[in-house]
Amino acid sequence: MAKKKKLPLAYKPLGFVLGWTSGALAGLAFRKTWKAIRHEDDAPDALDEDRGWAEILLAAAVQGAIFAVMRSAADRAGAKAIERSTGVWPSSEKGGRD
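Residues numbered from 1 in each chain as written. Predicted model: local features only at pLDDT ≥ 70, side-chain atom pairs only at ≥ 80, totals over all residues. Heavy atoms only, no water.

J.: Help me out: how do you make sense of the overall build of the chain in this one?
T.: Scanning the chain from N- to C-terminus turns up 2 helices and 0 strands. Taking all 98 residues of the chain together, the buried fraction comes to 19%. Within the chain, counting contacts between residues at least 6 apart in sequence, those at least 24 apart form 63% of the total. Accessible surface, the chain: about 7,500 Å² in total, of which carbon and sulfur atoms supply 61%. (Helix = DSSP H or I, 4+ residues; strand = E, 2+ residues; numbered from the N terminus. Buried < 20%, exposed > 50% of the residue type's maximum accessible area, 1.4 Å probe, protein only. Contact = heavy atoms within 4.5 Å. Areas by Shrake-Rupley, 256 points an atom, 1.4 Å probe, with all protein chains shown as cover.)

Here is the structure:
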């Protein structure tokens, strides 16, 4: 079987756009999720003096989980789109992105 040529550069522009879009959608999803969980418009951040540790860490965990899911979904969708259009998977490396 012939070895396929990898096209990581073909994925870079698509990956950038998908990453930016998924980040924006993750922010919207987090705001809606936080409002559903706590019935508040604003989530706490680490420097919010009036919020406790549990609330700050809960907000960070929920935000991180939503961001990770959205980023992974966007990365996977982009990779599959490149594979469908070129016949080549966009990454020659096994494992995670980091």
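J.: Mind showing me how you'd approach the environment of Asp45 here?
T.: As for its placement among the helices and strands, Asp45 is situated in the loop between helix H1 (8–38) and helix H2 (53–86). Separated by 12 residues in sequence, Asp45 and Leu57 have C-alpha atoms that sit 8.8 Å apart.

J.: I tried to follow the pattern of salt bridges on my own but got confused; where do I start?
T.: Should their charged atoms come close, side chains of opposite charge can pair. Summed over the entire model, instances satisfying the criterion amount to 6 salt bridges. The residue Glu55 makes a salt bridge to Arg51 at a minimum N-O spacing of 2.8 Å. One salt-bridge network, in which partners are shared between bridges, spans Arg38, Glu40, Asp48, Arg51 and Glu55. (Salt bridge = Lys/Arg side-chain N within 4 Å of Asp/Glu carboxyl O.)

J.: When you look at H2 in this model, what are you seeing that I'm missing?
T.: The end-to-end C-alpha distance of H2 is 49 Å, a good match for the 50 Å that 34 residues give at a rise of 1.5 Å each. Among all positions in H2, only Glu55, Ile56, Ala59, Val62, Ile66, Ala74, Gly78, Ala79 and Ile82 are buried. (Expected span 1.5 Å × (residues − 1).)

J.: Looking at this structure, how should I read the environment of Ser91?
T.: The topology assignment puts Ser91 in the segment after H2. With a relative accessible area of 30%, Ser91 lands in the partly exposed category. The spatial distance from the C-alpha of Ser91 to the C-alpha of Leu9 is 9.4 Å, given a sequence separation of 82 residues.

J.: Just to check I follow, could you spell out unusual backbone geometry for this structure?
T.: We note that His39 has phi near 55 degrees; this positive angle belongs to a residue other than glycine. As for its position among the elements, His39 is in the loop between H1 and H2. Residue His39 is classed as exposed on the basis of its relative accessible area of 69%.

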